[in-house]
Amino acid sequence: YKDYIAHYDNATLYNDYVISQIINLFKDDNTFLVYFPDHGEEVYDWRDQCCRDHGPLSANKLKYQYDIPFVLWCSDSYKNKHPEIVENIKNAIDRPFMSDNLCHMLFKVGGINTTYYRDTLDLLSPAYRCYRRLIHGQDYDRIRNARH
């Protein structure tokens, strides 16, 4: 399975390269970039298992199959023009979040006025509240934080 791990690591390295090229392309513009993959992947991280399985959820399975990086990047120009958003990003760094609610943050950052916006679901809002996060109908945080 070392070859599979090497291929996965190489794919991750290439993805990082592509993201760095996108950042470099927009670094001199007024840019707010959001990056997150669509899913995690288990590649022999904690057991002799590769890819997803559909068995019972566990803390490790959630960590390696469902937790994903979530990156917000701002160009210097954007930081200078929107210091309040940059401060809100700093305040949100350790907040639990799920990508289901991403649209609320994007509505606000993008200046989109809509009746669908909820500040309690906007990660960058001081009013943000992390409500119960469900995965396959089960409480993500309860499972993820369970003691072994």
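Everything discussed here concerns the structure shown above.
Here we summarise the structure given alongside this text. Since the structure is predicted, the reported quantities are computational estimates derived from the model, not experimental observations.

All right, on to the nonpolar core then. Counting residues in hydrophobic clusters, the biggest one holds 12 residues: Phe-32, Cys-74, Tyr-78, Ile-85, Ile-89, Ala-92, Phe-97, Leu-102, Met-105, Leu-123, Leu-124 and Tyr-128. With three residues, helix α4 (residues 83–92) is the largest single contributor of residues to this core. Excluding anything up to four places from it in sequence, Leu-124 contacts Phe-32, Leu-72, Ile-85, Asn-88, Ile-89, Ala-92, Arg-95, Met-105 and Val-109. In terms of nonpolar packing, the next biggest core, distinct from the first, is built from five residues, Leu-57, Leu-62, Ile-135 and Tyr-140 among them.

For the coordinates displayed, the defined rule picks out eight salt bridges. The residue Arg-132 makes a salt bridge to Asp-139 at a minimum N-O spacing of 3.3 Å. Accessibility expressed as a relative area gives 58% for Arg-132, which makes it exposed. Residue Asp-139 is classed as buried on the basis of its relative accessible area of 18%.

With respect to the helices and strands, the residue Ser-99 is situated in the loop between α4 and α5 (102–109). The exposure class assigned to Ser-99 is partly exposed, which follows from its relative accessible area of 34%. In the structure, Ser-99 is positioned 63 residues away from Phe-36 in sequence and 8.5 Å away in space, judged by C-alpha atoms.

Within α5, the full set of buried residues consists of Leu-102, His-104, Met-105 and Phe-107. Gly-111 lies just past α5 and shows a positive phi near 70 degrees.

Below, the discussion takes up a nonpolar patch on the surface. Together, Tyr-14, Tyr-17, Val-18, Ile-22, Leu-25 and Phe-26 line one region of the surface with nonpolar side chains, adding up to about 590 Å² of accessible area. Following the sequence through the fold, Phe-26 ends up in helix α1 (residues 2–26). Since its relative accessible area comes to 34%, Phe-26 is described here as partly exposed.

Reading guide: rules and limits
- Residues numbered from 1 in each chain as written.
- Predicted model: local features only at pLDDT ≥ 70, side-chain atom pairs only at ≥ 80, totals over all residues.
- Heavy atoms only, no water.
- Core = buried A, V, L, I, M, F, W, Y, C linked by side-chain atoms within 4.5 Å.
- Buried < 20%, exposed > 50% of the residue type's maximum accessible area, 1.4 Å probe, protein only.
- Helix = DSSP H or I, 4+ residues; strand = E, 2+ residues; numbered from the N terminus.
- Contact = heavy atoms within 4.5 Å.
- Salt bridge = Lys/Arg side-chain N within 4 Å of Asp/Glu carboxyl O.
- Patch = residues over 30% accessible without salt bridge, like charges linked within 9 Å, V, L, I, M, F, W, Y side chains within 5 Å.
- Areas by Shrake-Rupley, 256 points an atom, 1.4 Å probe, with all protein chains shown as cover.

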